[in-house]
Amino acid sequence: MAGSGRRPEHRGPPELFYDEAEARKYTQNSRVVEIQSQMSERAVELLGLPEDRPCLLLDVGCGSGLSGDYISNEGHYWIGMDISPAMLDVAVEREVEGDLLLADVGHGIPFRPGMFDGCISISAVQWLCNADKKSHSPPKRLYRFFSTLYTALARGSRAVLQLYPENSEQLELITAQAMRAGFTGGMVVDYPNSAKAKKFFLCLFVGASGTLPKGLGTECADGEETHQAKFTNERTRFRNAKGKSVKKSRDWILEKKERRRRQGKEVRADTKYTGRKRRPRF
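Reading the values: rules and limits
- Residues numbered from 1 in each chain as written.
- Predicted model: local features only at pLDDT ≥ 70, side-chain atom pairs only at ≥ 80, totals over all residues.
- Heavy atoms only, no water.
- Salt bridge = Lys/Arg side-chain N within 4 Å of Asp/Glu carboxyl O.
- Helix = DSSP H or I, 4+ residues; strand = E, 2+ residues; numbered from the N terminus.
- Buried < 20%, exposed > 50% of the residue type's maximum accessible area, 1.4 Å probe, protein only.
- Expected span 1.5 Å × (residues − 1).
- Contact = heavy atoms within 4.5 Å.
- Pairing = 2+ DSSP bridges.
- Axes fitted to C-alpha atoms, helices over the stretch in contact; angles between N-to-C directions.
- Parallel < 35°, antiparallel > 145°, perpendicular 65-115°, else oblique.
- Left-handed = near helix turned anticlockwise from the far one by under 90°.
- Nonpolar A, V, L, I, M, F, W, Y, C, P; charged D, E, K, R; others polar.

Draft legend 1. Fine view of the pattern of salt bridges. Following the criterion strictly, the structure yields 6 salt bridges and no others. One salt bridge connects Arg42 with Glu45, and the closest N-O pair in it is separated by 2.7 Å. A residue pair is termed a helical-turn pair when its members lie 3 or 4 positions apart in one helix, as Arg42 and Glu45 do in helix 3 (residues 30-47) at 3 residues. Two residues, Asp190 and Arg42, come together in a salt bridge whose shortest N-O distance is 2.8 Å. In this pair, Asp190 is assigned in strand 6 (residues 184-190) and Arg42 in helix 3, connecting sequence segments 148 residues apart. We note that Asp190, like Arg42, is buried.

Draft legend 2. Region of the structure containing helix 6 (residues 138-152). With 15 residues, helix 6 extends 21 Å between its outermost C-alpha atoms, agreeing within 8% with the 21 Å of an ideal straight helix rising 1.5 Å per residue. Taken as a whole, helix 6 has its buried residues at Pro138, Arg141, Leu142, Phe145, Phe146, Ser147, Thr148, Leu149, Tyr150 and Ala152. Along its buried surface, helix 6 packs onto strand 1 (56-60), strand 4 (116-122), strand 5 (153-163), helix 7 (168-180) and strand 7 (199-205).

Draft legend 3. Local environment of the pairing of strand 5. Most of strand 5 sits out of view: 8 of its 11 residues are buried. Examined bridge by bridge, strand 4 and strand 5 share 6 bridges and lie parallel to one another. For Cys119, the partnering residue across the bridge sits in strand 5 and is Ala159. Both strand 5 and strand 7 contribute to a ladder of 6 bridges, which runs antiparallel. The partner of Gln162 across the bridge, within strand 7, is Phe201.

Draft legend 4. Highlighting the packing of helix 6 against helix 7. At a minimum axis distance of 8 Å, the contact between helix 6 and helix 7 shows a crossing angle of 45°. Here helix 7 runs oblique to helix 6, going by the angle between their axes. Of the two possible hands of crossing, helix 6 and helix 7 adopt the one that is right-handed. Packed against helix 6, whose contacting residues are Pro138, Pro139, Leu142, Tyr143 and Phe146, the element helix 7 presents Leu173, Ile174, Gln177, Ala178 and Arg180 at the interface. Considering only residue class, the contact of helix 6 with helix 7 consists of 8 nonpolar, 1 polar and 1 charged.

As structure tokens, this is what we get:
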């Protein structure tokens, strides 16, 4: 159920569509990586996580770990689920920091109650609306997914699921099964008047219902590009204000290695050469 930075073409189940070649091509596409990172940033923002502690998040349809990279860079921990072995193989090769599970979320979320502080999903949930096998019932698979997800999330937490609905009926089916499973919340639509920038985020609350966040670019019908640019600039200044290390710098590498040590993973010892730029090879 690999997430995608583009609207998926339903040419079969994701575990078959994303073979080894497709998985590598997808992960190496700079445009896909950029879009995936932007949507992951927006999804994590909509989770409303506490700023004073790291959280454990579930990434549904984690694919090759592109969305997980953003979660790790924000200082959080994550577990990713995906139905595509090829995508998970690429994630392992990339040495992502999250733990990975090969699974069909249509069979449910196999984790203990209240385990996660939040859940994100990028471009994956709409796959559950496909009946790829005779035994598949989209309403039943969606309900199984949402009911077990509700149980696996801590009370007061959120799930933010970015998706590409094919039509209003599919959107209604997904939302109805989420509400039937006990969630409250609704759909947050960013840039609703823009054909290219429009994005759907199903924002779900566990336990007490919260105030549904406003979608970006909803202030007026014109000037979506202006709103989008303003939003990007504001987030850039916010990241700088938080004092985050520049990506790929020595400090950034040391912080990443320290997070991996806390997770109990083997990490090379720090030396004076850590983070040093290498000369180009001839």
